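Chain by chain, the residues:
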Amino acid sequence: MVLVRATGIRGTVLAVATVLGLSLLPAGPARAGEPLPAPTPPTPTARTIDDVARGWRAAAPATLVVGRSVQGRPIVAHRQGPATAPYVLLVLGQMHGSEPRGRDVVRAMGALAPPAQLQVWTIPTMNPDGAARGRRTNARGVDLNRNFPYLWSSRYSSRALYYPGRASGTEPEVRAMVAFLDRLRPALIVSLHQHYTAVDLGTGKVRVWSLRLASAMRLRSVVVPCRSGPCSGTMTAWFNHGHPGSAVTVELPLTVSPALAAAYARSILRVGAMLVPPAA
Ligand SMILES: [Zn+2]
(Lines give C-alpha, C1' and ligand atoms only; values in the text may rest on other atoms or scores of the structure.)
Protein backbone atom coordinates (compact mmCIF):
# COMPACT_ATOMS: atom_id res chain seq x y z
CA MET A 1 0.00 0.00 0.00
CA VAL A 2 1.31 3.44 -0.97
CA LEU A 3 0.54 6.24 1.38
CA VAL A 4 0.26 9.61 -0.27
CA ARG A 5 -0.15 12.77 1.62
CA ALA A 6 -2.80 14.87 -0.05
CA THR A 7 -4.93 17.84 0.85
CA GLY A 8 -8.12 19.01 -0.81
CA ILE A 9 -9.78 17.67 -3.96
CA ARG A 10 -6.79 18.37 -6.23
CA GLY A 11 -4.51 16.61 -3.78
CA THR A 12 -6.83 13.61 -3.61
CA VAL A 13 -7.00 13.35 -7.41
CA LEU A 14 -3.24 13.57 -7.65
CA ALA A 15 -2.87 10.98 -4.92
CA VAL A 16 -5.17 8.53 -6.72
CA ALA A 17 -3.38 9.24 -9.98
CA THR A 18 -0.04 8.55 -8.33
CA VAL A 19 -1.28 5.24 -6.98
CA LEU A 20 -2.53 4.31 -10.47
CA GLY A 21 0.76 5.36 -12.05
CA LEU A 22 -0.82 8.16 -14.07
CA SER A 23 0.42 11.67 -14.67
CA LEU A 24 -2.16 14.46 -14.54
CA LEU A 25 0.37 17.22 -14.43
CA PRO A 26 0.43 19.52 -17.46
CA ALA A 27 3.10 18.57 -19.93
CA GLY A 28 6.05 20.93 -20.11
CA PRO A 29 7.18 22.57 -23.32
CA ALA A 30 8.39 20.14 -25.96
CA ARG A 31 12.12 19.84 -26.06
CA ALA A 32 14.05 20.34 -29.25
CA GLY A 33 13.84 17.30 -31.46
CA GLU A 34 10.65 15.94 -29.88
CA PRO A 35 7.55 15.89 -32.07
CA LEU A 36 4.84 18.26 -30.99
CA PRO A 37 1.70 16.54 -29.71
CA ALA A 38 -1.01 16.36 -32.33
CA PRO A 39 -3.74 18.98 -31.79
CA THR A 40 -7.01 17.65 -30.50
CA PRO A 41 -9.42 17.48 -33.45
CA PRO A 42 -12.57 19.57 -32.96
CA THR A 43 -15.65 17.60 -32.05
CA PRO A 44 -17.77 17.32 -35.19
CA THR A 45 -21.17 18.94 -34.74
CA ALA A 46 -23.92 17.18 -36.61
CA ARG A 47 -26.42 19.68 -38.01
CA THR A 48 -29.82 18.28 -38.84
CA ILE A 49 -31.76 19.32 -41.89
CA ASP A 50 -34.03 21.32 -39.57
CA ASP A 51 -31.00 23.17 -38.17
CA VAL A 52 -30.08 24.09 -41.73
CA ALA A 53 -33.64 25.28 -42.41
CA ARG A 54 -33.62 27.42 -39.24
CA GLY A 55 -30.37 29.02 -40.35
CA TRP A 56 -31.72 29.62 -43.84
CA ARG A 57 -34.91 31.21 -42.51
CA ALA A 58 -32.99 33.44 -40.09
CA ALA A 59 -30.93 34.83 -42.98
CA ALA A 60 -33.79 35.14 -45.50
CA PRO A 61 -35.13 38.61 -46.32
CA ALA A 62 -38.78 39.35 -45.58
CA THR A 63 -39.57 39.58 -49.29
CA LEU A 64 -38.04 37.03 -51.59
CA VAL A 65 -38.31 36.21 -55.28
CA VAL A 66 -38.33 32.43 -55.12
CA GLY A 67 -38.28 31.97 -58.88
CA ARG A 68 -39.74 33.05 -62.18
CA SER A 69 -42.51 31.81 -64.43
CA VAL A 70 -42.11 30.58 -67.99
CA GLN A 71 -42.62 34.15 -69.18
CA GLY A 72 -40.26 35.59 -66.59
CA ARG A 73 -42.76 36.94 -64.08
CA PRO A 74 -41.53 36.81 -60.46
CA ILE A 75 -42.96 34.40 -57.90
CA VAL A 76 -42.76 36.36 -54.68
CA ALA A 77 -42.88 35.21 -51.06
CA HIS A 78 -43.40 37.52 -48.07
CA ARG A 79 -42.69 36.87 -44.41
CA GLN A 80 -44.55 38.32 -41.42
CA GLY A 81 -43.17 37.83 -37.94
CA PRO A 82 -39.55 37.46 -36.88
CA ALA A 83 -37.21 35.41 -39.08
CA THR A 84 -36.12 33.46 -36.00
CA ALA A 85 -39.64 32.45 -34.95
CA PRO A 86 -39.46 28.65 -34.71
CA TYR A 87 -42.88 27.76 -36.14
CA VAL A 88 -43.68 28.35 -39.79
CA LEU A 89 -47.00 28.65 -41.63
CA LEU A 90 -47.11 29.11 -45.40
CA VAL A 91 -50.23 30.20 -47.29
CA LEU A 92 -50.26 29.85 -51.07
CA GLY A 93 -52.90 32.12 -52.56
CA GLN A 94 -53.02 30.72 -56.07
CA MET A 95 -51.76 27.82 -58.12
CA HIS A 96 -54.37 27.87 -60.88
CA GLY A 97 -54.72 31.14 -62.77
CA SER A 98 -58.48 30.76 -63.09
CA GLU A 99 -58.88 30.66 -59.27
CA PRO A 100 -58.11 34.20 -58.07
CA ARG A 101 -59.90 34.56 -54.73
CA GLY A 102 -57.17 32.96 -52.61
CA ARG A 103 -55.06 35.99 -53.43
CA ASP A 104 -57.64 38.11 -51.62
CA VAL A 105 -57.20 35.92 -48.54
CA VAL A 106 -53.42 36.27 -48.73
CA ARG A 107 -53.78 40.04 -49.10
CA ALA A 108 -55.99 40.14 -46.01
CA MET A 109 -53.39 38.14 -44.08
CA GLY A 110 -50.97 41.00 -44.66
CA ALA A 111 -52.98 43.13 -42.23
CA LEU A 112 -52.74 40.59 -39.41
CA ALA A 113 -49.92 40.26 -36.91
CA PRO A 114 -48.82 36.69 -36.28
CA PRO A 115 -48.65 35.50 -32.67
CA ALA A 116 -45.30 35.17 -30.92
CA GLN A 117 -43.07 32.35 -32.14
CA LEU A 118 -44.89 32.04 -35.47
CA GLN A 119 -43.63 33.30 -38.81
CA VAL A 120 -46.15 33.46 -41.62
CA TRP A 121 -45.07 33.24 -45.23
CA THR A 122 -47.46 34.07 -48.03
CA ILE A 123 -47.15 33.63 -51.77
CA PRO A 124 -49.92 35.46 -53.63
CA THR A 125 -49.47 33.29 -56.74
CA MET A 126 -47.10 30.64 -57.99
CA ASN A 127 -48.67 30.90 -61.45
CA PRO A 128 -48.40 34.56 -62.49
CA ASP A 129 -48.60 33.71 -66.21
CA GLY A 130 -51.85 31.78 -65.76
CA ALA A 131 -53.18 34.58 -63.55
CA ALA A 132 -52.42 37.17 -66.26
CA ARG A 133 -54.62 35.22 -68.68
CA GLY A 134 -57.16 33.95 -66.16
CA ARG A 135 -56.50 30.35 -67.09
CA ARG A 136 -55.76 27.28 -65.03
CA THR A 137 -52.44 26.23 -66.57
CA ASN A 138 -49.12 28.00 -66.93
CA ALA A 139 -47.92 29.61 -70.17
CA ARG A 140 -46.95 26.20 -71.57
CA GLY A 141 -50.38 24.76 -70.89
CA VAL A 142 -49.21 22.66 -67.94
CA ASP A 143 -51.38 22.11 -64.87
CA LEU A 144 -48.81 22.92 -62.17
CA ASN A 145 -50.70 20.78 -59.67
CA ARG A 146 -49.95 17.71 -61.81
CA ASN A 147 -46.27 18.50 -62.41
CA PHE A 148 -44.75 18.03 -58.93
CA PRO A 149 -42.19 15.23 -58.60
CA TYR A 150 -44.26 12.69 -56.68
CA LEU A 151 -46.63 10.12 -58.19
CA TRP A 152 -46.34 12.00 -61.46
CA SER A 153 -48.32 10.42 -64.28
CA SER A 154 -48.64 11.06 -68.00
CA ARG A 155 -51.99 9.25 -68.09
CA TYR A 156 -54.05 12.39 -68.48
CA SER A 157 -51.92 14.18 -71.02
CA SER A 158 -54.72 14.16 -73.56
CA ARG A 159 -56.92 16.22 -71.23
CA ALA A 160 -55.56 19.69 -71.82
CA LEU A 161 -56.95 21.20 -68.63
CA TYR A 162 -54.89 18.79 -66.49
CA TYR A 163 -51.86 18.37 -68.76
CA PRO A 164 -49.06 17.25 -66.41
CA GLY A 165 -46.16 18.27 -68.65
CA ARG A 166 -43.85 15.96 -70.55
CA ALA A 167 -42.20 14.81 -67.29
CA SER A 168 -42.34 15.61 -63.57
CA GLY A 169 -40.86 18.90 -62.40
CA THR A 170 -40.41 20.33 -65.89
CA GLU A 171 -42.02 23.69 -65.14
CA PRO A 172 -39.99 26.56 -63.67
CA GLU A 173 -42.85 27.49 -61.33
CA VAL A 174 -42.83 23.98 -59.85
CA ARG A 175 -39.05 23.87 -59.58
CA ALA A 176 -39.08 27.23 -57.79
CA MET A 177 -41.65 26.00 -55.27
CA VAL A 178 -39.84 22.71 -54.69
CA ALA A 179 -36.56 24.52 -53.98
CA PHE A 180 -38.25 27.10 -51.74
CA LEU A 181 -40.26 24.60 -49.71
CA ASP A 182 -37.23 22.32 -49.29
CA ARG A 183 -35.39 25.26 -47.73
CA LEU A 184 -38.25 26.79 -45.73
CA ARG A 185 -39.63 23.48 -44.38
CA PRO A 186 -42.90 24.96 -43.05
CA ALA A 187 -44.83 23.02 -40.44
CA LEU A 188 -48.12 23.78 -42.20
CA ILE A 189 -48.99 24.77 -45.77
CA VAL A 190 -52.45 26.00 -46.69
CA SER A 191 -52.89 25.82 -50.47
CA LEU A 192 -55.89 27.83 -51.65
CA HIS A 193 -57.98 26.80 -54.66
CA GLN A 194 -61.53 27.23 -55.93
CA HIS A 195 -64.32 26.48 -55.93
CA TYR A 196 -65.19 23.07 -54.50
CA THR A 197 -65.98 24.84 -51.21
CA ALA A 198 -64.38 22.31 -48.88
CA VAL A 199 -61.20 21.45 -47.03
CA ASP A 200 -59.51 18.36 -48.37
CA LEU A 201 -59.39 15.77 -45.61
CA GLY A 202 -56.17 14.26 -46.88
CA THR A 203 -54.72 11.32 -45.04
CA GLY A 204 -52.79 10.45 -41.92
CA LYS A 205 -50.78 13.26 -40.43
CA VAL A 206 -52.58 16.09 -42.24
CA ARG A 207 -56.07 15.11 -41.15
CA VAL A 208 -55.92 16.93 -37.83
CA TRP A 209 -54.98 20.16 -39.62
CA SER A 210 -57.68 19.63 -42.26
CA LEU A 211 -60.30 19.29 -39.55
CA ARG A 212 -59.01 22.35 -37.68
CA LEU A 213 -59.08 24.43 -40.86
CA ALA A 214 -62.54 23.19 -41.80
CA SER A 215 -63.87 24.05 -38.37
CA ALA A 216 -62.24 27.50 -38.25
CA MET A 217 -63.24 28.39 -41.84
CA ARG A 218 -66.71 26.86 -41.54
CA LEU A 219 -66.17 24.65 -44.56
CA ARG A 220 -67.03 20.99 -44.95
CA SER A 221 -64.16 18.51 -44.80
CA VAL A 222 -64.22 15.89 -47.52
CA VAL A 223 -61.79 14.07 -49.74
CA VAL A 224 -61.56 16.48 -52.65
CA PRO A 225 -61.35 14.42 -55.83
CA CYS A 226 -58.81 15.16 -58.55
CA ARG A 227 -61.14 15.67 -61.47
CA SER A 228 -58.52 14.34 -63.88
CA GLY A 229 -58.59 10.91 -62.15
CA PRO A 230 -56.37 9.61 -59.34
CA CYS A 231 -54.35 12.52 -57.94
CA SER A 232 -50.86 12.62 -59.40
CA GLY A 233 -48.07 15.17 -59.26
CA THR A 234 -49.84 17.42 -56.74
CA MET A 235 -47.96 19.84 -54.49
CA THR A 236 -49.62 18.69 -51.30
CA ALA A 237 -48.93 14.98 -51.93
CA TRP A 238 -45.32 15.77 -52.83
CA PHE A 239 -44.83 17.84 -49.66
CA ASN A 240 -46.64 15.46 -47.34
CA HIS A 241 -44.64 12.51 -48.66
CA GLY A 242 -41.17 13.97 -48.18
CA HIS A 243 -41.42 16.49 -45.34
CA PRO A 244 -42.45 16.35 -41.69
CA GLY A 245 -44.89 19.24 -42.13
CA SER A 246 -48.48 19.05 -43.35
CA ALA A 247 -49.89 20.54 -46.55
CA VAL A 248 -53.65 20.97 -46.86
CA THR A 249 -55.74 21.95 -49.87
CA VAL A 250 -58.53 24.41 -49.14
CA GLU A 251 -61.15 24.95 -51.86
CA LEU A 252 -62.79 28.33 -51.43
CA PRO A 253 -66.27 29.17 -52.75
CA LEU A 254 -66.68 30.69 -56.21
CA THR A 255 -67.50 34.07 -54.71
CA VAL A 256 -65.50 35.47 -51.82
CA SER A 257 -66.40 38.97 -50.62
CA PRO A 258 -63.68 41.16 -49.06
CA ALA A 259 -65.28 40.57 -45.65
CA LEU A 260 -65.24 36.80 -46.17
CA ALA A 261 -61.63 36.92 -47.37
CA ALA A 262 -60.70 38.78 -44.18
CA ALA A 263 -62.59 36.22 -42.08
CA TYR A 264 -60.80 33.36 -43.84
CA ALA A 265 -57.45 35.06 -43.22
CA ARG A 266 -58.18 35.37 -39.51
CA SER A 267 -59.31 31.73 -39.38
CA ILE A 268 -56.17 30.44 -41.10
CA LEU A 269 -53.98 32.47 -38.76
CA ARG A 270 -55.89 31.10 -35.77
CA VAL A 271 -55.17 27.57 -36.93
CA GLY A 272 -51.54 28.49 -37.66
CA ALA A 273 -51.23 29.70 -34.08
CA MET A 274 -51.96 26.12 -32.99
CA LEU A 275 -48.51 25.19 -34.28
CA VAL A 276 -47.10 27.01 -31.25
CA PRO A 277 -47.34 24.80 -28.17
CA PRO A 278 -49.06 26.43 -25.19
CA ALA A 279 -46.66 27.95 -22.69
CA ALA A 280 -45.76 25.54 -19.90
ZN1 LIG B 1 -57.03 24.72 -58.20
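Above: the structure in question.
In this text, all values refer to a predicted model and were calculated from it rather than measured experimentally.

Novice: Residues and numbers for the packing of helix α6 (residues 207-217) against helix α8 (residues 258-272), please.
Specialist: The interhelical angle for the contact between α6 and α8, taken along N-to-C directions, is 145°, at an axis separation of 9 Å. Between α6 and α8 lies a crossing whose hand is right-handed. When α6 is examined against α8, the residues Trp 209, Arg 212, Leu 213, Ala 216 and Met 217 are found in contact with a partner set consisting of Tyr 264, Ser 267, Ile 268, Arg 270 and Val 271.

Novice: So, the sheet that holds strand β8 (residues 246-252): which residues are in play, and what are the values?
Specialist: Overall, mixed pairing links the eight strands, which are arranged β1-β2-β4-β3-β5-β8-β6-β7 in an open sheet. Because the sheet does not close on itself, it has two edges, and the strands there are β1 (63-68) and β7 (220-222). Across the sheet, the axes of successive neighbouring strands diverge by a mean angle of 25°, strand direction being ignored. In this structure, strand β2 (residues 74-80) lies alongside strand β4 (residues 118-123), joined through three bridges in antiparallel fashion. Each residue of the ladder has a partner; that of His 78, found in β4, is Thr 122. α6 contacts β5 (188-194), β6 (198-200), β7 and β8 of the sheet and is inclined by roughly 30° relative to β8.

Novice: Any chance you could break down the side chain of Glu 173 for me, citing the residues and the numbers?
Specialist: If you trace the backbone, Glu 173 turns up in helix α5 (residues 172-184). No salt bridge is formed by the buried Glu 173. Its closest oppositely charged neighbour is Arg 140, at 6.0 Å. Engagement of the side chain of Glu 173 in a polar contact is seen with the backbone nitrogen of Val 70, the distance being 3.1 Å. With sequence-adjacent residues up to four places away left out, Glu 173 is seen in contact with Arg 68, Ser 69, Val 70, Ile 75, Met 126, Asp 129, Asn 138 and Leu 144.

Novice: Requested: an account of the coordination of the zinc ion, with residues and values cited.
Specialist: In this structure, His 96 (ND1), Glu 99 (OE), Glu 99 (OE) and His 193 (ND1) serve as the protein donors to the zinc ion, at separations of 2.0 to 2.6 Å. For the zinc ion, the four donor atoms in the first shell make angles of 53 to 154° at the metal, so the coordination geometry reads as irregular. Along the chain, the residues donating to the zinc ion are arranged with the sequence spacing H-x2-E-x93-H. Separated by 97 residues along the polypeptide, His 96 in the loop between β3 (87-92) and α3 (101-109) and His 193 in strand β5 bring together distant segments of the chain. Accessibility expressed as a relative area gives 2% for His 96, which makes it buried.

Novice: Would you mind going over the pattern of salt bridges in detail, with residue names and values included?
Specialist: Counted under the stated rule, the structure contains eight salt bridges. When the shortest N-O distance is used, the salt bridge between Arg 101 and Asp 104 registers 2.5 Å. With Arg 101 and Asp 104 both in helix α3, this residue pair falls three residues apart, about one helical turn. With relative accessibility at 28%, the residue Arg 101 sits in the partly exposed group. By relative accessible area, which is 17% here, Asp 104 ends up buried. Residues Asp 143 and Arg 136 are paired through a salt bridge, measuring 2.9 Å at the closest nitrogen-oxygen approach. The same class applies to Asp 143 as to Arg 136, namely buried. The network of salt bridges with shared partners includes Glu 99, Arg 136 and Asp 143.

Rules used in this analysis
Residues numbered from 1 in each chain as written. Predicted model: local features only at pLDDT ≥ 70, side-chain atom pairs only at ≥ 80, totals over all residues. Heavy atoms only, no water. Axes fitted to C-alpha atoms, helices over the stretch in contact; angles between N-to-C directions. Helix = DSSP H or I, 4+ residues; strand = E, 2+ residues; numbered from the N terminus. Left-handed = near helix turned anticlockwise from the far one by under 90°. Contact = heavy atoms within 4.5 Å. Pairing = 2+ DSSP bridges. Buried < 20%, exposed > 50% of the residue type's maximum accessible area, 1.4 Å probe, protein only. Lys, Arg positive; Asp, Glu negative; His and termini not counted. Salt bridge = Lys/Arg side-chain N within 4 Å of Asp/Glu carboxyl O. Polar contact = N/O pair within 3.5 Å; in protein donor to acceptor, adjacent residues only side chain to side chain. Donors = N, O, S within 2.8 Å, 3.2 Å for Na, K, Ca; no water. Tetrahedral: all angles 85-135°; square planar, octahedral: opposite > 155°, others 65-115°.

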